[in-house]
Amino acid sequence: MMSDDKSLRAPQDASRIAMGEDYEVRYWTNKFGVTREQLQSAVDAVGNSAGAVEQHLKA
């Protein structure tokens, strides 16, 4: 049975992080294990490419 929990939706474009969409911010903060502030800092540093943000956070 599939869940109807809309808060667990994956982003429409999984290659980009949309900081203006709360459900995407929740998805990416959970995926990377970071806070919203850490995610925003990473996006500010390297752009909204999910791959670049992931590499930045691992560094």
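Look up a bit, the structure's there.
Residues numbered from 1 in each chain as written. Predicted model: local features only at pLDDT ≥ 70, side-chain atom pairs only at ≥ 80, totals over all residues. Heavy atoms only, no water.

Some words on the environment of Ile17
And then number 1: With respect to the secondary-structure elements, Ile17 resides in the segment before α1 (22-32).
And then number 2: Excluding anything up to four places from it in sequence, Ile17 contacts Glu24, Trp28, Phe32, Leu39, Val43, Asn48, Ala50 and Val53. (Helix = DSSP H or I, 4+ residues; strand = E, 2+ residues; numbered from the N terminus. Contact = heavy atoms within 4.5 Å.)

With respect to the packing of aromatic side chains
And then number 1: Taken as a whole and assessed by the stated rule, the structure comprises two aromatic pairs.
And then number 2: Summarising the aromatic geometry, the rings of Tyr27 and Trp28 are spaced 4.9 Å apart at their centres and angled 85° between planes, so their arrangement reads as edge-to-face.
And then number 3: Here Trp28 falls in the buried class, since its relative accessible area comes to 2%.
And then number 4: Relative to Phe32, the ring of Trp28 lies with its centre 5.4 Å away and its plane at 25°, an arrangement referred to as stacked. Highlighted residues: Trp28 and Phe32, both in helix α1, separated by four residues, approximately one helical turn. Per residue, the accessibility class of Trp28 equals that of Phe32, and both read buried. (Phe/Tyr/Trp six-rings, centres within 6.5 Å; stacked < 30°, edge-to-face > 60°. Buried < 20%, exposed > 50% of the residue type's maximum accessible area, 1.4 Å probe, protein only.)

Section: the environment of Tyr23
And then number 1: Turning to its location among the elements, Tyr23 is positioned in helix α1.
And then number 2: Residues Tyr23 and Ala10, spaced 13 residues apart in sequence, show a C-alpha to C-alpha distance of 7.9 Å.

A look at the pattern of salt bridges
Charged atoms that come close allow side chains of opposite charge to pair.
And then number 1: Applying the stated rule across the entire model yields two salt bridges.
And then number 2: Measuring nitrogen to oxygen at the nearest pair gives 3.8 Å for the salt bridge that ties Arg36 to Asp22. In this pair, Arg36 is assigned in helix α2 (residues 36-46) and Asp22 in helix α1, connecting sequence segments 14 residues apart.
And then number 3: Where Glu54 meets Lys58, a salt bridge forms, and the shortest distance between an N and an O atom there is 3.6 Å. Within this pair, Glu54 and its partner Lys58 are both found in helix α3 (residues 50-58), separated by four residues, close to a single helical turn.
And then number 4: Of the residues examined, Glu54 reaches a relative accessible area of 28% and is grouped as partly exposed.
And then number 5: Taking the relative accessible area as the measure of exposure, Lys58 reaches 60% and is therefore exposed. (Salt bridge = Lys/Arg side-chain N within 4 Å of Asp/Glu carboxyl O.)

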